[in-house]
Amino acid sequence: MYKVIEGGVCAAKGYKANGLNCGLNSNKDKNDLGLYVSDVPANTAGVYTTNKVKGAPILVTKQHLDAAGGKSRAVIMNSKNANTCNADGVEKAEAMCGLTAKALGLDANDVLVASTGVIGQILPIEPIAEHIDELAAGLTYDGNERAATAIMTTDTVKKEYAVEFELGGKLCRLGGMAKGSGMIHPNMATTLNFITTDAAVSTELIGKALSETVKVTYNCLSVDGDTSTNDTLLLMSNGLAGNEEITEENVDYEIFKEALYIVMSELTKMLAKDGEGATKLLECAVSSAPDQDTAIIVAKSVIRSPLLKCAMFGEDANWGRVLCAIGYAEADFDINKVDVDFRSNAGVLPVCRNGAGVPFSEDFAKVVLAEEEIFIDVSLNSGDAEAKAWGCDLTYNYVKINGDYRS
């Protein structure tokens, strides 16, 4: 039912994008300013950081969405500077929207804004003003990669994913891009994430689908335990696929929501795999839980354990660290029923049954944990609910990167 396609935020009909280097990043080979635009007004929903310190772009984006009745046309983005904790932050974020609106012939409230990078440094607006016309003039229906690279900070790879599916006989597409490598921790997306679709879905239902899907994707992601100040996730629906607009939670809504889950979960895994200094992608799958909330809490507790993350870097099957993390999870279950396996493409290593260790080969454990993707399977044996959480190992390079981040 769902086919993986290329295109990121340009996969859906009616979206153009572009990215370039305007001078915020001294490395002229790296884009630092991005833009994507819908040909027509799009129903738009957003989810933002839970940090009490919120970047000025978030404040302006929320204001513009409210003023425009939950619709938007464009998103302007920059990297290298988060425009956070600055006295003139809102003024600069508004200026970015105003400059973009002028270049595109739109109202400023039609434009949303997002920034990422160093916190507490004043954002120079001059480089953006000098390049905004060039950025707008270069918009194309295949410019997604240029935009995706414009939001990268310590990311080592761009992150894009898209699928196509049918609603009422109409071919629909949904795709997105994300950035994030460090300062990633629940709750919210803890990154910049942008998703577009040509499916026609009401503003109310894209908001509902987004909020529910965040709970089991981005909110189950942790790299280092730090929740960012600029976390933004935006979903735009322009309706150009021509399907009858989804206004109730029917079969079409479930099909759309599953497409959203596929894209968001794949982007979540990309973010986890590209954690700062990471060498391994970690996935904790909790099954047989009494309810989904318990499964989520336990999975997140395991995946964000610094000790476990270090053990995975060292390829050490120290399963006691898994039990420890499960044990301090704020949820009710019987620890004496818990089973744990380490799993990878090299095989499955049972390490715990009924809350107690079982004999295993240390040599085989090394083989299993030497792979780049490690799965930690936890069964609570207390129900039918399940959930997953994603993260990465904790390495020497993480400290090196963050010991010199502003450079």
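Residues numbered from 1 in each chain as written. Predicted model: local features only at pLDDT ≥ 70, side-chain atom pairs only at ≥ 80, totals over all residues. Heavy atoms only, no water.

Enquirer: Honestly, the nonpolar core in this entry has me stumped. Any pointers?
Expert: Where a protein is soluble and globular, its nonpolar side chains tend to be buried together. Phe 256, Val 340 and Val 378 are the most contacted members of the largest nonpolar core, which totals 73 residues. By residue number, the principal contributor to this core is helix α6 (residues 251–273), which donates eleven residues. With sequence-adjacent residues up to four places away left out, Val 340 is seen in contact with Val 322, Leu 323, Ile 326, Leu 349, Pro 350, Val 351, Cys 352, Arg 353, Ile 376, Asp 377 and Val 378. By size, the runner-up hydrophobic cluster in this structure holds 23 residues, among which are Leu 24, Ala 93, Cys 97 and Leu 123. (Core = buried A, V, L, I, M, F, W, Y, C linked by side-chain atoms within 4.5 Å. Buried < 20%, exposed > 50% of the residue type's maximum accessible area, 1.4 Å probe, protein only. Helix = DSSP H or I, 4+ residues; strand = E, 2+ residues; numbered from the N terminus. Contact = heavy atoms within 4.5 Å.)

Enquirer: Looking at this structure, how should I read unusual backbone geometry?
Expert: Negative phi values dominate among residues other than glycine, just as trans dominates among peptide bonds. Not every positive phi belongs to a glycine, and Cys 85 is a case in point at roughly 65°. On the secondary structure map, Cys 85 appears in the loop between β4 (71–78) and α2 (89–104). Positive phi outside glycine occurs at Asn 354, with the angle close to 55°. Within the fold, Asn 354 resides in the loop between β13 (347–353) and β14 (356–357).

Enquirer: Before we go on, may I ask you to explain the pairing of strand β11 (residues 281–289) in this structure?
Expert: Taking burial as the measure, the nine residues of β11 include seven buried ones, the bulk of the element. In the sheet, β11 pairs with strand β15 (residues 373–379) via seven bridges, with the strands oriented parallel. Considered in β15, the bridge of Glu 283 is made with Phe 375. (Pairing = 2+ DSSP bridges.)

Enquirer: Explain the pattern of salt bridges to me, please; I cannot follow it from the model alone.
Expert: Any two side chains of opposite charge can pair, on the condition that their charged atoms come close. A complete count under the given rule lists 15 salt bridges for this structure. With a shortest N-O distance of 2.8 Å, Lys 208 and Glu 212 are connected by a salt bridge. Residue Lys 208 and its partner Glu 212 are both found in helix α5 (residues 203–215); the two are separated by four residues, about one turn of the helix. For Lys 208, the salt bridge identified is with Glu 249, shortest N-O distance 3.8 Å. Within this pair, whereas Lys 208 is found in helix α5, its partner Glu 249 is found in the loop between β10 (232–237) and α6, the two being separated by 41 residues in sequence. When its relative accessible area of 29% is taken as the criterion, Lys 208 is described as partly exposed. Glu 249 sits in the exposed class, given a relative accessible area of 51%. (Salt bridge = Lys/Arg side-chain N within 4 Å of Asp/Glu carboxyl O.)

Enquirer: Would you mind showing me how to read α2 here?
Expert: Side chains of residues three or four places apart in an α-helix project in the same direction, reflecting 3.6 residues per turn. When the terminal C-alpha atoms of α2 are compared, their 23 Å separation across 16 residues agrees well with the 22 Å that a helix rising 1.5 Å per residue should span. Tucked into the core, α2 has its buried residues touching β3 (33–48), α1 (56–67), β4, β5 (111–115) and α3 (126–137). Remark: Gly 105 follows α2 within two positions and exhibits a positive phi of approximately 75°. (Expected span 1.5 Å × (residues − 1).)

Enquirer: In this structure, what is going on with the environment of Glu 134? I would like to understand it.
Expert: Within the element layout of this structure, Glu 134 appears in helix α3. In this structure, the C-alpha to C-alpha distance between Glu 134 and Ala 103, residues 31 residues apart in sequence, is 9.1 Å. Those residues in contact with Glu 134, other than ones at most four positions away along the chain, are Asn 18 and Leu 20.

Enquirer: Can you help me understand the packing of α2 against α3 in this one?
Expert: Helix packing for two helices is described by the angle between their axes and how far apart those axes are. At a closest axis distance of 9 Å, the pairing of α2 and α3 adopts a crossing angle of 35°. Pair α2 / α3 crosses with right-handed handedness. On α3, the residues touching Met 96, Leu 99, Thr 100, Ala 103 and Leu 104 of α2 are Ile 128, Ala 129, Ile 132, Asp 133 and Ala 136. A class-by-class count of the residues in the contact of α2 with α3 yields eight nonpolar, one polar and one charged. (Axes fitted to C-alpha atoms, helices over the stretch in contact; angles between N-to-C directions. Left-handed = near helix turned anticlockwise from the far one by under 90°. Nonpolar A, V, L, I, M, F, W, Y, C, P; charged D, E, K, R; others polar.)

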